Amino acid sequence: MEIKEWKYEDFPEFDESVEGTVVLVTTGDEPGCRYTGQHVEYVKEGGVPLHMEILTPFTRNKQEGVYPCVVFVQGSAWMQQDVLVNIPLYARLAERGYIVAIVEYRHSGIAPYPAQAVDARNAIRYIRSHAEELHVNPDKMILAGDSSGGHTAMFGGLRHNDDSDENRFPGISAEVNGIINYYGSVSVLFEDANPSTRNHKLPDSPEGMEMGGVNLRERPDLCEELSAECHINADTDLAPVLIFHGTKDRIVHTRQSVDLYRKMKAAGKEVQLYLIKGADHSGAEFWTPEVIDIADTFIKKCFRA
């Protein structure tokens, strides 16, 4: 065979009959994704570099393209994140034809609320400002997150501050087409909001640290500030929201999502809630083909709106 730079279409296919073998037929549209961006710095805040990990879809027939983007905030109880731990799960969403950017935020030990939402919005702006090199369609973006990342996604969608000092990319919007909240820690309004947190609302609790190391049992005003439902009314500007929550969540009580859903419905906002029977806090149950189908349908509907 001649040695040269073969184009795929021109390369002669092996078609000999080999006894005992099985030929599996493919179309070239079988989905996959690549880990294309490792520790990409998107901003520095107070000298602290923040990074994102980027997954990019591909098929044999479409090695490169321009794709919608899901900006995903990995949860961590607002503490330092492990942004690599769930990449194999997020890859399942990327394979549906989305660039998935997994975002690092400033943890509560160095920057309290609302720093995490500020960082998420600047990550969106970074992606928009580098859309061409990242192969992202800047008009089709979703903000998502799980646990404290779900809280961050909600507050990232509630903030509208493109002209403020928080914007590290002047002139670039941080608005998104939709929000996906996976079992978000979105409320501290009721006593068993975090059933397994023995120091719930105390200064050294995750929520206490997120609000600057204060005793939230003595600060109902800060409890309301930290709770997403208290920021939603008929006049609130908020993209459509999709919520997933397990019915046996020992870390973030399911009622947090239920209360948020009810408040959004009462305010006339577009929201869907799916309760996953028996699911605990996170897990593969949230990344099954059925659940990803729901997320995929929601995302596509947001882009058509």
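Structural data are supplied above this passage.
Presented here is an overview of the structure given in this document. Per chain, the residues get numbers from 1 upward, laid out in the order the sequence is written. Confidence filtering applies because this is a predicted model: local features only for residues at pLDDT of at least 70, side-chain atom pairs given and counted only at 80 or more, and all residues used for totals across whole chains, interfaces and linings. Excluded from the side-chain calculations are hydrogens and water; all other atoms, namely the structure's heavy atoms, are used.

A short note on the packing of aromatic side chains
Okay, so step 1: The aromatic pairing rule takes the rings of Phe, Tyr and Trp, using the six-membered ring of Trp, and pairs them if the centres are within 6.5 Å, calling planes under 30 degrees apart stacked, those over 60 edge-to-face and the rest tilted. Under the definition given, this model contains 11 aromatic pairs.
Okay, so step 2: Summarising the aromatic geometry, the rings of Tyr113 and Phe155 are spaced 5.5 Å apart at their centres and angled 90° between planes, so their arrangement reads as edge-to-face. Of the two residues, Tyr113 sits in the loop between β4 (99-103) and α2 (115-129) while Phe155 sits in helix α4 (residues 148-158), which places them 42 residues apart along the sequence. The pair formed by Tyr113 and Phe155 is uniform in burial state, with each residue classed as buried.
Okay, so step 3: Ring pairs connect the aromatic residues Phe72, Tyr90, Tyr182, Phe244, Tyr274 and Trp287, which therefore count as one cluster.
Okay, so step 4: Here Arg34 stacks its cationic end above the ring of Phe58, 3.7 Å away from the centre of that ring.
Okay, so step 5: Stacked on the ring of Phe190, the Lys or Arg Arg255 has its end atom at 3.9 Å from the ring centre. Strands are runs of DSSP state E lasting at least two residues, helices are runs of H or I lasting at least four, and both sets are numbered from the N terminus onward. Exposed residues in this analysis have more than 50% of their type's maximum accessible area, buried residues have under 20%, and partly exposed residues fall in between, with area computed by a 1.4 Å probe over protein chains only. The rule for a charge over a ring is simple: NZ of Lys or CZ of Arg within 6 Å of the ring centre, and within 35 degrees of the ring normal.

Focus on helix α8 (residues 289-304)
Okay, so step 1: Its 16 residues place the ends of α8 22 Å apart at the C-alpha level, agreeing with the 22 Å of an ideal helix rising 1.5 Å per residue.
Okay, so step 2: Those residues of α8 that fall on the buried side of the exposure criterion are Val291, Ile292, Ile294, Ala295, Asp296, Phe298, Ile299, Cys302 and Phe303.
Okay, so step 3: Note on definitions: a residue-residue contact is assigned when non-hydrogen atoms from the two residues lie within 4.5 Å. Looking at the buried positions of α8, the neighbouring elements they touch are β3 (67-73), α1 (87-94), β5 (136-146), β6 (178-182), β7 (241-246) and β8 (271-276). Under the convention used throughout, the expected extent of a helix is 1.5 Å for every residue step, that is, one less than its residue count.

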